[in-house]
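Understanding the architecture of this molecule
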Amino acid sequence: MALLVAIIIGIMVACGVYLLLRARTFPVVMGLIMLSYAVNLFIFAMGRLHAEVPAVAGLAGDTSDPVPQALVLTAIVIGFAMTAFAVTLALRASSELDSDHVDGDGGRQP
Amino acid sequence: MNSYFLPLIVALPFLGALLPPLFVRRGRTACAWSAALVTAAALALLLSVAAPVFDGDSLLFHYDWLPAYGFSLTFWLDGLGLLFALLILGIGLLVILYARYYLSEQDPMGRLYAFLLLFMGSMLGVVLSENLLLMMVFWELTSLSSFLLIGYWKHRADARQGARLALTVTGAGGLSLFAGIMLLGHIGGSYELSVLLASGDQIQAHPLYPATLVLILLGVFTKSAQFPFHFWLPHAMAAPTPVSAYLHSATMVKAGVFLLARLYPAMAGSELWFYLVGTTGMVTLLLGAYFALFKHDLKGLLAYSTISHLGLITLLFGLGTPLGAVAGVFHIINHATFKASLFMAAGIIDHESGTRDMRKLNGLWHYMPHTATLAMVAAASMAGVPLFNGFLSKEMFFAETLHQGWLGEWNWILPFGATLAGVFAVAYSIRFIHDVFFNGEPIDLPRTPHEPPRYMKVPVEILVALCLLVGIVPAWTVAPLLATAAASSVGAELPPYNLAIWHGLNTPVLMSVLAMVGGGVMYAMRHHLFALHARFFRPFDAKLLFERQLERVIAAARWLTMMLENGSLQRYMMLLLLSAVAMVAAGLWGRPLGGPLAPGEVDGVTLVGALALALSAVTTTIWHRRRLVALIQLSVVGLVVSVAFVRFAAPDLALTQLSVEMVTIILLMLVLYFLPQQTPAESSGLRKGRDILIAGAAGTSVALLAWGVLTRPYETIGDYFMEQSIPGGGGANVVNVILVDFRGFDTLGEITVLAIAAIGIVTMLRGLRLPTPDTDADGRPWASDRYPMILAVISRPLLPLALLVAVFLLLRGHNLPGGGFIAGLVTAIALILQYVASGTAWTRERININYVRLTAAGVVLAALTGLGSWGFGYPFLTSSFGHFHLPLVGDFELATAMLFDLGVYMAVVGSTLLVLANLGKLTLTKREATEGE
């Protein structure tokens, strides 16, 4: 299980990083979202993956670790705010600069 | 004892530096008065505590600042400190008076006085600090204020370059000095002078003594312009002349030799000390005297003469004899008086004739006899003519060079060098007088010279009078001050010495006569010497060399900046990611990757989910140029991630991820409407290959990290929260309790960030004009059915149901999966659905909420809930559970957490809709406008 999760997270990170390195804003934003998924999963996995029961006090069984969950929960919401900010910035930039290239100049400069 | 006067004396100029810029509006005289009064007040304070110092006492002010680091606010007034403080404040007062008449109408006078006072305070700090670390702070401040003062005429390139040069040289020396002082403190066990000065033997026996000495001397030599660091001082003459007179002859350049005098008992007396300090002093003495003769610029001559005299003082301390130290201290006093007055006289000549070039300045005697007389007295003192103060210390210097015995059969070198320097000193002093005031008529001067304003001469007169008084009746004037200062420098009983003018016919007198005659002859032959000098000495400009080095450094910095910061986000991303990968690699290097735990079994469902996740992530990437397709693939990734949260028993996360997923995809669809539907194929194969490598490296390093952690045993702090959740937070859903109670402050911060992001987005969208395409990427027109009826019909009854679910999730969140974040997102989705299905206008008519206010109210509510616990005497955001239990209200503790969660809910709904509704509105503007036509 650990191996599988590690590989999946690695694949998601690789895909996210590749997209981050693209030259246009939209793929970069998609890369950002992909990377958020991967990072959230990674942090969540730090609480280990053996649990069968949610982190609710009083439930019998192997409960999941609530601390990374609390971290990830807010991270998901903040991640949304960040994504929204990034795409709005991309919109504004493409309106002002007439290009959706991340360097703002349509990639004309070397 | 009024020991607290000491920090006050140091602080007064710093505080007083605020006054001149304020008073300059009331006129130049008021401005000068404000600076002068501050200085006079400090001087009065100093004099009021000076009396016991003459009796051999000293004054100590001690305040522990950082005792663990040996850093204390300790000030100490002994003889040496008193002498320097008197010089700083006394000459400072004269310079302030002089500057009032020197500065022209265009010069910002307030700034000069402010800088001068800053410098004065720093210099007082250097000479009065007892703790060496404290002294170091003031030492650096003198370098900085000197930089400001040299660059005072900032429109002039030579002033800026001179300031830069001086700061670089003295600043580098300051760093070296700092290192030396750290070592000294390490050896001596303290940074307090009282300890260090008493442990000279221990310090000099320590193996680190040579390193310490060299480092400290580097600081001393750079500050006091000793060879080979002397080159900054002539360029510092680009400063206004009052500054040159004050900093670069009387006080700041003496900081170096002050330190020699101060540390004399701790550091001096060794053979190494003699060779380093003595040799440097000797070389500087001769070089400075030689170059002074060949300068055509008045201030240039004085600058090199200053270098030479500083060399003389250094040499005296280098001899390592108590009488040498006495002569050194004496020459510090004498040099300060005659050189400051000479600088002021040079400033007057420059001011009244418009030039400082001695090839043009001739015969000024007829135009300014008064100034000429004053200058002649001061120059005679500089040359060491009897009856002037320079003579006395020079005689002592000559005598001391005869009495040292370090060099064996080479002992004659010292008196020989001293006499030779004396010859040059006489020659350049004669040149200063004869060339300027006699020697024919002036040659096309910019102005017709005349006597300066009355009060501009007063400071010169006072200093010249001091030169004469000290020179004629030393025993009645300078003797007590000299005795106490020299005694505190040497740190022991002084051997007997006599300040008389005539000691009988002895070798020093012969050396003096030799210097006088030789100097006269040399001046008479000056034209031949100038020709020789010009032929054999290539002009070598340290400033040019320095500026060239500086340009090289700047070019290298530019190149490096361009390599790292070329304006391309892709470059930054690459560097950032590579650094991250490199750090992970460095951290993992040489460690076992996996841990001892068994990796665990994989079940079929999980495997299928994992494959789906990997497949959709990879296809998102492969198809990323077809943006809509990639977006759909990306949403699959998000959905599977939320399923994964369910699989691993995290229902709160799954609910959050699911709802955020929907909001995100709607957001990106909206954005995609404005952006190109396709990404052009512009990456080269090479670029793709490089990116794949980076991505692979990043993915591998994260995977290795995850693998490393998951196969190692762990201890969680989660158990604490599991146990404390109900007793401490009053809820069973531990994730929610952490969010709203244990880590409530974090959550408050997070919803604040959310609100700020939403408001930032709205601000960016304001006034945004975007081209709204009439067709999609393939040229097909948009569907005519803008609000499909089925969607509208279904979505309307869905709204109350969804709201009901949201309320349910919010209420139960404290005990079962749910809570403010999730409820807020569910509400937001339900509302957005109305916007999508029925249009903005329709929705606005029915649900008219000001989302900005809603967001703000949410954050405020959460914050107030936190503040509420203050009212009951508990820290911010304390859960009130169990603290007060009202019979009628019942579980009141639950209510406060609920209030906080309600704030979260409102902030989430408000900011989500703020973003989406405003973005959605943009799509309508043009289409609705065209429809309306």
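The structure displayed is predicted, hence computed values, not measured ones.

A closer look at the overall build of chain A
Across its full length, chain A holds 3 helices and 0 strands. When its helices and strands are written in sequence order, chain A yields α-α-α. If you sum the accessible surface of chain A, you get close to 3,600 Å²; carbon and sulfur atoms cover 66% of it.

Re the overall build of chain B
In terms of regular secondary structure, chain B is built from 40 helices and 2 strands. Burial statistics for chain B: of 933 residues in total, 54% are counted as buried. For chain B, contacts bridging at least 24 residues in sequence account for 79% of all contacts bridging at least 6. Split by element, the accessible area of chain B, about 39,700 Å² in all, is 70% carbon and sulfur.

Quick look at a nonpolar patch on the surface
A contiguous nonpolar patch, built from W410(B), W412(B), I413(B), F416(B) and L420(B) and spanning about 530 Å² of accessible area, is present on the exposed surface. Residue class for W410(B) comes out partly exposed when judged on its relative accessible area of 49%.

Describing the packing of aromatic side chains
If you walk through the whole model with that rule in mind, you get 27 aromatic pairs over all chains. Judged by centre distance (6.2 Å) and plane angle (50°), the ring pair of Y152(B) and W153(B) falls under tilted. On the basis of relative accessibility, which here comes to 2%, the residue Y152(B) falls in the buried class. Ring plane angle 50° and centroid distance 6.5 Å describe the contact between Y720(B) and F742(B), whose orientation is recorded as tilted. Of this pair, Y720(B) sits in helix α33 (residues 718-729) while F742(B) sits in helix α34 (residues 734-742), placing them 22 residues apart in sequence. A residue is classified by how much of its surface remains accessible, and Y720(B), at 47% relative accessible area, is partly exposed. Owing to a relative accessible area of 22%, F742(B) belongs among the partly exposed residues under this scheme. Each member of the aromatic cluster is reached from another via a ring pair, and the members are Y290(B), F291(B), F294(B), Y304(B), F424(B) and F530(B). One residue, R22(A), lies across the ring of Y18(A), its end atom 4.1 Å from the ring centre. Above the plane of the ring of Y523(B) lies R526(B), whose end atom (NZ or CZ) is 4.0 Å from the centre.

Some thoughts on the interface of chain A and chain B
Listed as interface residues are 75 residues of chain A and, on the opposing side, 106 residues of chain B. Here chain A and chain B share an interface that buries about 8,100 Å² over both sides, 79% of which is from carbon and sulfur atoms. Applying the counting criterion to the chain A and chain B interface returns 2 salt bridges. For R22(A), the salt bridge is made with D691(B), and the minimal N-O distance between the two is 2.1 Å. When residues of the side of chain A that touches chain B are traced back to their parent elements, those giving at least two are α1 (2-20), α2 (25-45) and α3 (66-97) of chain A. The element that contributes the greatest number of residues to the side of chain A that touches chain B is α3(A), accounting for 22 residues. Residue composition of the side of chain A that touches chain B, grouped by class: 54 nonpolar, 13 polar and 8 charged.

Examining the nonpolar core
Within the largest apolar cluster, 199 residues are counted, with the highest numbers of intra-cluster contacts made by W232(B) and M267(B). Sequence-distant contacts of M267(B), defined by excluding residues within four places in its chain, comprise L184(B), I203(B), Q204(B), Y209(B), T212(B), L213(B), I216(B) and W273(B). Listed in part, the 134 residues of the second largest apolar core include Y18(A), V56(A), A732(B) and V908(B).

Regarding helix α14 (residues 254-262) of chain B
Within α14(B), 9 of the 9 residues are buried, which leaves the element mostly enclosed by the surrounding structure. Taken together, the buried positions of α14(B) are occupied by K254(B), A255(B), G256(B), V257(B), F258(B), L259(B), L260(B), A261(B) and R262(B).

A closer look at the confidence of the model for chain B
The pLDDT averaged across chain B works out to 88; a share of 96% of its residues lies at or above 70. This complex was scored by the predictor with a pTM of 0.68 and an ipTM of 0.94.

With respect to the pattern of salt bridges
Residue and element names in this part refer to chain B. Evaluation of the coordinates by the stated rule reveals 17 salt bridges over all chains. Residue K457 pairs with E451 through a salt bridge whose shortest N-O separation is 3.2 Å. Judged by relative accessible area, which is 7%, K457 ranks as buried.

Some words on the pairing of strand β2 (residues 71-77) of chain B
For β2(B), a buried count of 6 out of 7 residues is recorded, marking the element as mostly surrounded by other parts of the structure. Hairpin connection, strand β1 (residues 59-66) of chain B to β2(B): the antiparallel pair is bridged by 4 residues, and G70(B) has positive phi, about 70°.

Section: the side chain of T222(B)
For T222(B), the position within the fold is in helix α11 (residues 209-223). In this structure T222(B) touches V169(B), T170(B), G173(B), F229(B) and W232(B), once residues within four positions along its chain are discounted.

What to know about the pairing of β1(B)
With 7 bridges connecting them, β1(B) and β2(B) associate as antiparallel partners. Across the sheet, L59(B) pairs through a bridge with L77(B), a residue of β2(B).

What to know about the packing of helix α6 (residues 109-128) of chain B against helix α13 (residues 241-250) of chain B
Residue and element names in this part refer to chain B. One can describe the packing of α6 onto α13 by two numbers: an axis separation of 12 Å at closest approach and a directional angle of 5°. Put simply, α6 runs roughly parallel to α13. Counted together, L112, L116, F119 and M120 of α6 and V243, Y246 and L247 of α13 form the full contact between these two elements. Here the contact of α6 with α13 is built from residues that sort into 7 nonpolar, no polar and no charged.

Some words on the packing of α2(A) against α3(A)
Residues and elements named next belong to chain A. One can describe the packing of α2 onto α3 by two numbers: an axis separation of 10 Å at closest approach and a directional angle of 175°. Comparing the axis directions of α2 and α3 gives the class roughly antiparallel. Of α3, the residues touching α2 (which contributes T25, V29, L32, I33, S36, N40, I43 and F44) are P68, Q69, L71, V72, A75, I76, M82, T83, A86, V87 and A90. Residue classes in the contact of α2 with α3 are distributed as 14 nonpolar, 5 polar and no charged.

Description of unusual backbone geometry
The peptide bond linking F227(B) to P228(B) adopts the cis configuration, its omega dihedral lying at 0°. Relative to the elements of secondary structure, P228(B) occurs in the loop between α11 and α12 (232-236). Despite not being glycine, R48(A) shows a phi value in the positive range, around 70°. Secondary-structure assignment places R48(A) in the loop between α2 and α3. Within the chain, A649(B) stands out as a residue other than glycine whose phi angle is a positive 60°.

Observations regarding helix α24 (residues 479-490) of chain B
Because an α-helix completes one turn every 3.6 residues, residues spaced three or four positions apart along the sequence face the same direction. Residues and elements named next belong to chain B. End to end, α24 covers 16 Å across 12 residues, agreeing with the expected 16 Å (1.5 Å per residue, within 8%). Buried within α24 we find A479, L481, L482, T484, A485, A486, S488, S489 and V490. G491 lies just past α24 and shows a positive phi near 75°.

Some details on the environment of P228(B)
Overall, the relative accessible area of 41% leaves P228(B) in the partly exposed class. Along the chain, P228(B) and T280(B) lie 52 residues apart, while their C-alpha atoms are 8.4 Å from each other.

Brief notes about the confidence of the model for chain A
Counting all residues, the mean pLDDT for chain A is 87, and 95% of those residues have values of 70 or more. Mean pLDDT across the elements of chain A bottoms out in α3(A) (90) and peaks in α2(A) (94).

About the cut-offs
Residues numbered from 1 in each chain as written. Chains lettered and ligands numbered in written order. Predicted model: local features only at pLDDT ≥ 70, side-chain atom pairs only at ≥ 80, totals over all residues. Heavy atoms only, no water. Helix = DSSP H or I, 4+ residues; strand = E, 2+ residues; numbered from the N terminus. Areas by Shrake-Rupley, 256 points an atom, 1.4 Å probe, with all protein chains shown as cover. Buried < 20%, exposed > 50% of the residue type's maximum accessible area, 1.4 Å probe, protein only. Contact = heavy atoms within 4.5 Å. Patch = residues over 30% accessible without salt bridge, like charges linked within 9 Å, V, L, I, M, F, W, Y side chains within 5 Å. Salt bridge = Lys/Arg side-chain N within 4 Å of Asp/Glu carboxyl O. Phe/Tyr/Trp six-rings, centres within 6.5 Å; stacked < 30°, edge-to-face > 60°. Lys NZ or Arg CZ within 6 Å of the ring centre and 35° of its normal. Buried area = accessible area lost by both parts, 1.4 Å probe. Nonpolar A, V, L, I, M, F, W, Y, C, P; charged D, E, K, R; others polar. Core = buried A, V, L, I, M, F, W, Y, C linked by side-chain atoms within 4.5 Å. pLDDT = per-residue confidence, 0-100. Pairing = 2+ DSSP bridges. Axes fitted to C-alpha atoms, helices over the stretch in contact; angles between N-to-C directions. Parallel < 35°, antiparallel > 145°, perpendicular 65-115°, else oblique. Expected span 1.5 Å × (residues − 1).

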